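Report on the structure
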Amino acid sequence: MTRSRTIALQLAVSAVALAAVVWWATRQPLPHLPGAGAALPGIGAGLALYALATLLRGGRWRALLADAGTRCSRGDAVGLTTIGYMGNNALPARAGDVMKALLTARRTGAPAAGTFGVLVAERMLDAAALGLVFAVLVTTLHLPLGVPGWALGLVAGGLLVAFAATFVLGRHTAAGRRLRAVVAALLAPSRRLWSGRGAALLALSMALWLVEGGVYAVLGGVAGVHLALLDGLYVMALANIAALVPAAPGYVGTFDAAVLLGISLVTSASHPTALAYVVLVRFVLFVPITLAGLVALVARYGGRREAGALLRAPQPAPHPQPASASA
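Let me sum up the structure you'll find in this document. Remember, predicted model here, so these are calculated numbers, not experimental data.

**Regarding helix α5 (residues 112-140)**
Counted at 1.5 Å a residue, the expected span for α5 with its 29 residues is 42 Å, and the 42 Å between its end C-alpha atoms agrees. At the C-terminal side of α5, H142 shows a positive phi close to 55°.

Next up, the structure:
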């Protein structure tokens, strides 16, 4: 699928989801947002928790790079993390991930293929941690699945077909062998996760997602939605599963619909209250980190011109690299 078609698909999905949210919201009474005096302590706590989660993400990025043989300072790791989120929130096709990987390569001198492989490993850790959190909540606390079982089966089946096709083509065609070599290079950092070090990074990933779940729970108190920590984790997991669906920048529509669905499944909050909660969550999770990423991009990495050059430049095809001795 070409880049233009990918962006068109994302915009279409977001348009449908956003239209559904707007249609629903216009049929509800206006949300009542709390006054500044009452809201500021809770919003401040939510921002502090999200800042902690961002610092943990930066530390994880630095650790993954170190395992791949790339040295990165703590400041750079956190700055690159905020830039990645800024790009994903402001640009289509998860361009923030591309910016993060390419800026890391330029900043550290590492090959771009290696930093893209580290990015894949980071996303695998997130998927594993979120999957574990969601599975525990659904099975032990008897919370609703929240998404159709056929949808999860379709995603799993699609991944299996993609891997099987790569394996078969890689054995029988020259183009397939090149594709298999690219995939092997991208998955090299992920293979190192099957170790004690990988288990520690998975624990760190679960910790940062628990902290982010705390953000959802704290903001519930601000909006008048009574959420325990486990409820906040559940809503967070649904929202981030929705982030896997192709959507416009900032997951417009899909994120909002998932949060509203989660609130309706675990609380009896009124519709205006649930809508106020969505507004607060979106503000805390999207606005400050987008601004922080923009400041980091301008202050540390050359600003808009550098970012534009990164996104316009053709991405080098990864070449297979030997696994490190720590694998």
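Now that the structure has been shown, the text picks up again.
**What to know about the pattern of salt bridges**
Counted according to the given criterion, the structure contains twelve salt bridges. Of the charged contacts in the structure, one is a salt bridge between D76 and R107, with a shortest N-O distance of 3.1 Å. Remark: R107 occurs in helix α4 (residues 95-108) and D76 occurs in helix α3 (residues 74-90); sequence separation between them is 31 residues. For R107, a relative accessible area of 42% corresponds to the partly exposed category. A salt bridge links R123 to D126; the shortest N-O distance between them is 3.4 Å. Of this pair, R123 and D126 both sit in helix α5, three residues apart, which is roughly one turn of the helix. Connected via shared salt-bridge partners are R60, R94, D97, K100, E122, R123 and D126.

**Focus: the packing of aromatic side chains**
Enumeration according to the criterion identifies three aromatic pairs in this entry. Plain terms: the ring middles of Y251 and F286 are 6.3 Å apart, the flat faces sit at 70° to each other, and that makes the pair edge-to-face. With a gap of 35 residues between them, Y251 in the loop between α9 (229-242) and α10 (254-266) and F286 in helix α11 (residues 271-300) connect regions that are remote in the sequence. Like Y251, the residue F286 is buried in the burial classification. Aromatic ring contacts, followed pair by pair, group Y251, F255 and F286 into a single cluster. A cation over an aromatic ring shows up here: R57 above the ring of W209, its NZ or CZ 4.7 Å from the ring centre. Above the ring of F286, the side-chain terminus of R282 is found at 4.5 Å from the ring centroid.

About the criteria used
Residues numbered from 1 in each chain as written. Predicted model: local features only at pLDDT ≥ 70, side-chain atom pairs only at ≥ 80, totals over all residues. Heavy atoms only, no water. Helix = DSSP H or I, 4+ residues; strand = E, 2+ residues; numbered from the N terminus. Expected span 1.5 Å × (residues − 1). Salt bridge = Lys/Arg side-chain N within 4 Å of Asp/Glu carboxyl O. Buried < 20%, exposed > 50% of the residue type's maximum accessible area, 1.4 Å probe, protein only. Phe/Tyr/Trp six-rings, centres within 6.5 Å; stacked < 30°, edge-to-face > 60°. Lys NZ or Arg CZ within 6 Å of the ring centre and 35° of its normal.

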